[in-house]
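# Topology and contacts: notes
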Amino acid sequence: MWSWDILPNSHTQRKFIELILDRAGKYPNCDPPSEIPVGSYGDIDKATGNLIIQDFIYSDDFKHHLLDAGINIEPGEHLPKI
């Protein structure tokens with residue numbers, strides 16, 4: 001069986017898959033069927049595995065949650081590069 005002890009500096013994609021599988025018990029999809037904008041959050045449709053976007057963490061509605069956690073996005077250093 002393949003082991004990270006044999007090839008510690010290779011196969012990073014395989015390591016990613018193994019880490020997700022180990023924690024979630026499911027295989028990740030490295031090529032999602034739709035683009036997910038940075039900062040999106042929501043629920044996963046269990047039938048399709050797609051993300052149903054509820055909102056965006058950089059929206060004004062979510063800003064108070066970030067400020068409560070000590071994150072100020074106003075300077076722009078945490079905003080995604082578009």
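See the structure shown above.
A brief structural summary. (Residues numbered from 1 in each chain as written. Predicted model: local features only at pLDDT ≥ 70, side-chain atom pairs only at ≥ 80, totals over all residues. Heavy atoms only, no water.)

### Considerations on the packing of aromatic side chains
Aromatic rings considered in pairs are described by the distance between their centres and by the relative angle of their planes. Formally: Ring pairs shown here join Phe, Tyr and Trp side chains whose ring centres sit within 6.5 Å, with only the six-membered ring taken for Trp; geometry is labelled stacked below 30 degrees between planes, edge-to-face above 60, and tilted in between. The numbering of helices and of strands both runs from the N terminus, where a helix is a DSSP run of H or I of at least 4 residues and a strand a run of E of at least 2. The buried label goes to any residue with under 20% of its type's maximum accessible area, the exposed label to any with over 50%, and the partly exposed label to all in between, with areas taken from a 1.4 Å probe on protein chains only.
Applying the stated rule across the entire model yields one aromatic pair. Taken together, a centroid distance of 5.2 Å and an interplanar angle of 45° make the contact between tyrosine 41 and phenylalanine 62 tilted. One end of the pair, tyrosine 41, is in strand S1 (residues 40-44); the other, phenylalanine 62, is in the loop between strand S2 (51-56) and helix H2 (63-68), with 21 residues separating them in the sequence. For tyrosine 41, a relative accessible area of 28% translates into the label partly exposed.

### Points about the pattern of salt bridges
Stated formally: Any Lys or Arg side-chain nitrogen located within 4 Å of an Asp or Glu carboxyl oxygen qualifies as a salt bridge.
Here the structure, examined in full by the defined rule, presents two salt bridges. Across the pair arginine 23 and aspartate 22 runs a salt bridge whose closest N-O atoms are separated by 3.9 Å. With a relative accessible area of 74%, arginine 23 lands in the exposed category. One salt bridge connects aspartate 60 with lysine 63, and the closest N-O pair in it is separated by 3.4 Å. Its relative accessible area of 24% is what places lysine 63 among the partly exposed residues.

### Some thoughts on helix H1 (residues 12-24)
Under the convention used in this document: To estimate how far a helix should reach, multiply one less than its number of residues by 1.5 Å.
Between its terminal C-alpha atoms H1 stretches 18 Å, which fits the 18 Å expected from 13 residues at 1.5 Å a residue. One or two steps after H1, the chain reaches glycine 25, where phi turns positive at roughly 75°.

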